[in-house]
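For reference, the chains in residue letters:
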Amino acid sequence: MNRQPKQGQTGRGLYSAAERHRRDASPWTLVQGILAPFQFVVFLVSLALVLRFLATGEGYAAATASIVLKTLVLYTIMVTGAIWEKDVFGRYLFAPAFFWEDAVSMVVIALHTAYLAALWTGALDAAAQMGLALAAYATYVVNAAQFLWKLRMARLQASAARTETLREMRT
């Protein structure tokens, strides 16, 4: 069966040679590399505080502050990620190579923003707020797994490219 690359795909993997060069040259690559693990640490601390509140009823203020911090870090990584995507792929969001990651990111942002709206309006009680935060966190975990998978694919692609270059040099 003849499988043609889908629109936006080159058939060469996640990045074309030019995109890989732009990725490696972009200062936003380092920013994302710092913010992503920082966001994960904030998430883990916040998750522990939310679960503690739900289990004991204690620590509402700490759990709430941690969710707000997690949301602010999320917004920061989303803005800087969009700039990175523009540098590498020429568009701020929904580049074909990261379409599904960006789509799930929109759900993650919507749920975190809904939490802030519920907090500021008092539309939900404390337990429901924490439940909404947990839903946001669950989608964040899915999204983080998507990005880790893409990072793995990029590393495999880079390794294959190095192997091919060495093979060509020998012949």
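Since this is a predicted model, take the numbers as computed values, not measurements.

Parameters and conventions
Residues numbered from 1 in each chain as written. Predicted model: local features only at pLDDT ≥ 70, side-chain atom pairs only at ≥ 80, totals over all residues. Heavy atoms only, no water. Helix = DSSP H or I, 4+ residues; strand = E, 2+ residues; numbered from the N terminus. Buried < 20%, exposed > 50% of the residue type's maximum accessible area, 1.4 Å probe, protein only. Contact = heavy atoms within 4.5 Å. Areas by Shrake-Rupley, 256 points an atom, 1.4 Å probe, with all protein chains shown as cover. UniProt positions renumbered as here; feature names shortened; annotations may be inferred. Phe/Tyr/Trp six-rings, centres within 6.5 Å; stacked < 30°, edge-to-face > 60°. Lys NZ or Arg CZ within 6 Å of the ring centre and 35° of its normal. Core = buried A, V, L, I, M, F, W, Y, C linked by side-chain atoms within 4.5 Å. Axes fitted to C-alpha atoms, helices over the stretch in contact; angles between N-to-C directions. Parallel < 35°, antiparallel > 145°, perpendicular 65-115°, else oblique. Salt bridge = Lys/Arg side-chain N within 4 Å of Asp/Glu carboxyl O.

K.L.:
Please give an account of the overall build of the chain that cites residues and values.
P.N.:
When helices and strands are counted, the chain shows 5 helices and 0 strands. Each helix and strand of the chain, ordered N terminal to C terminal, gives the series α-α-α-α-α. By residue count, 35% of the 171 residues in the chain fall in the buried class. Sequence separation of 24 or more characterises 71% of the internal contacts of the chain that already satisfy a separation of 6 or more. Counting only carbon and sulfur atoms, one obtains 67% of the accessible surface of the chain, whose full area is about 10300 Å².

K.L.:
Account for the environment of V141, with residues named and values stated.
P.N.:
Here V141 lies in helix α5 (residues 126-170). Residue classification places V141 among the partly exposed residues on the basis of a relative accessible area of 41%. Taking the C-alpha atoms as reference points, V141 and F40, 101 residues apart in sequence, are found 9.1 Å from one another.

K.L.:
I'd like a rundown of the UniProt feature "transmembrane region" (unreviewed entry) in the chain, residues and numbers included.
P.N.:
The feature "transmembrane region" (unreviewed entry), as annotated in UniProt, sits at residues 30-54, 60-85, 97-120 and 126-149 in this numbering. Spanning residues 60-85, this segment combines 100% helix with 0% strand, and its end C-alpha atoms are found 37 Å apart.

K.L.:
Account for the packing of aromatic side chains, with residues named and values stated.
P.N.:
Evaluated as defined, the whole model comprises 12 aromatic pairs. Plain terms: the ring middles of Y15 and F98 are 6.5 Å apart, the flat faces sit at 50° to each other, and that makes the pair tilted. Note that Y15 is positioned in the segment before α1 (17-25) and F98 in the loop between α3 (60-89) and α4 (99-121), a separation of 83 residues in sequence. Connected via pairs of aromatic rings, a cluster forms that spans Y15, W84, F89, F98 and F147. The ring of Y15 has R23 lying over it, and the distance from NZ or CZ to the ring centre is 4.6 Å.

K.L.:
Break down the nonpolar core for me, with residues and values.
P.N.:
Counting residues in hydrophobic clusters, the biggest one holds 21 residues, and the most contacted among them are I67, Y115 and M130. Looking at this core, the elements with two or more residues in it are α2 (27-56), α3, α4 and α5. Counting residues per element, this core draws most heavily on α5, at 7 residues. M130 has contacts with V50, F53, L54, Y60, A63, T64 and I67, leaving out every residue within four places of it along the chain. Membership of the second largest hydrophobic core comes to 9 residues, among which are Y15, A95, A97 and F98.

K.L.:
Residue-level account of the packing of α1 against α3, with values.
P.N.:
Put simply, α1 and α3 touch, their axes get as near as 8 Å, and they point 140° apart. It follows that α1 is oblique to α3 by the angle criterion. Residues E19, R22 and R23 of α1 form the contact with α3, whose own contacting residues are W84, D87, V88 and F89.

K.L.:
Give me the lowdown on the pattern of salt bridges, citing residues and values where you can.
P.N.:
Tallied over the entire structure, the rule returns 2 salt bridges. Among the ionic pairs, D24 bridges to R23, the shortest N-O distance being 2.8 Å. In this structure R23 comes out as buried when scored by relative accessible area, which is 13%.

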